[in-house]
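What follows is each chain in one-letter form.
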Amino acid sequence: QVQLVESGGGLVQPGESLRLSCAASGIISSIYAMGWYRQAPGKQRELVAAISAGGSTNYADSVKGRFTISRDNAKKTVYLQMNSLKPEDTAVYYCNAWPTPYDNWGQGTQVTVSS
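**A word on the nonpolar core**
With 27 residues, the main nonpolar core has Trp36, Phe67, Leu80, Met82 and Tyr93 as its most contacted residues. Apart from residues lying up to four places away in sequence, leucine 80 is in contact with Leu18, Arg19, Leu20, Trp36, Val48, Ala49, Phe67, Thr68, Ile69 and Tyr93.

Written out as structure tokens, the structure reads:
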């Protein structure tokens, strides 16, 4: 059974940074492309960043140059370094396989950017 556990969220001020972590179990995560998604109140869940098994990355235009996705296959962990955070980055952040997510999402981690 796939289990995805996100952590690292919090309340920060605009311009600050956070690093999110996603621990995956139940899958051979090293062979799957993984993505970070987010869902803001009243909005649909959207892809923020993705990383292939080989390490190629792609980003939503809204986070390019500010966010960096990475992975540690030995630890079965995917990271999202978020710099220069903006209020519009406020959302619950989730990780999952990409481009086809598993049905069972984790609980997510709340990121709130506010002064």
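**Regarding the packing of aromatic side chains**
Counted according to the given criterion, the structure contains three aromatic pairs. Look at tyrosine 37 and tryptophan 105: their rings are 5.1 Å apart centre to centre, the planes differ by 80°, and that puts the pair in the edge-to-face class. Here tyrosine 37, found in strand S4 (residues 34-39), pairs with tryptophan 105, found in the loop between strand S9 (91-97) and strand S10 (109-113); they are 68 residues apart in sequence, far enough to count as distant. Classification of tryptophan 105 as partly exposed rests on a relative accessible area of 27%. Considering the side-chain rings of tyrosine 94 and tryptophan 105, the 5.9 Å spacing of their centres and the 85° angle between planes classify their relative orientation as edge-to-face. Within this pair, whereas tyrosine 94 is found in strand S9, its partner tryptophan 105 is found in the loop between S9 and S10, the two being separated by eleven residues in sequence. Accessibility expressed as a relative area gives 11% for tyrosine 94, which makes it buried. An aromatic cluster is defined as three or more aromatic residues linked by ring pairs; in this entry it consists of Tyr37, Tyr94 and Trp105. A cation over an aromatic ring shows up here: arginine 19 above the ring of tyrosine 79, its NZ or CZ 4.0 Å from the ring centre. Lying across the ring of tryptophan 105, arginine 45 places its NZ or CZ 3.8 Å from the centre.

**Digging into the sheet that holds S9**
Spatially, S2-S10-S9-S4-S5-S6 is the arrangement adopted by the six strands of the open sheet, whose pairing is mixed. A strand with exactly one partner marks an edge of an open sheet, and here the two such strands are strand S2 (10-12) and strand S6 (57-59). Ignoring which end each strand starts from, the neighbouring axes of this sheet average 25° apart. Two elements, S9 and S10, share three bridges in a ladder whose sense is antiparallel. What sits directly across from alanine 91, in S10, is valine 111.

The rules we used
Residues numbered from 1 in each chain as written. Predicted model: local features only at pLDDT ≥ 70, side-chain atom pairs only at ≥ 80, totals over all residues. Heavy atoms only, no water. Core = buried A, V, L, I, M, F, W, Y, C linked by side-chain atoms within 4.5 Å. Buried < 20%, exposed > 50% of the residue type's maximum accessible area, 1.4 Å probe, protein only. Contact = heavy atoms within 4.5 Å. Phe/Tyr/Trp six-rings, centres within 6.5 Å; stacked < 30°, edge-to-face > 60°. Helix = DSSP H or I, 4+ residues; strand = E, 2+ residues; numbered from the N terminus. Lys NZ or Arg CZ within 6 Å of the ring centre and 35° of its normal. Pairing = 2+ DSSP bridges. Axes fitted to C-alpha atoms, helices over the stretch in contact; angles between N-to-C directions.

Keep in mind these numbers describe shape, not what the thing actually does.
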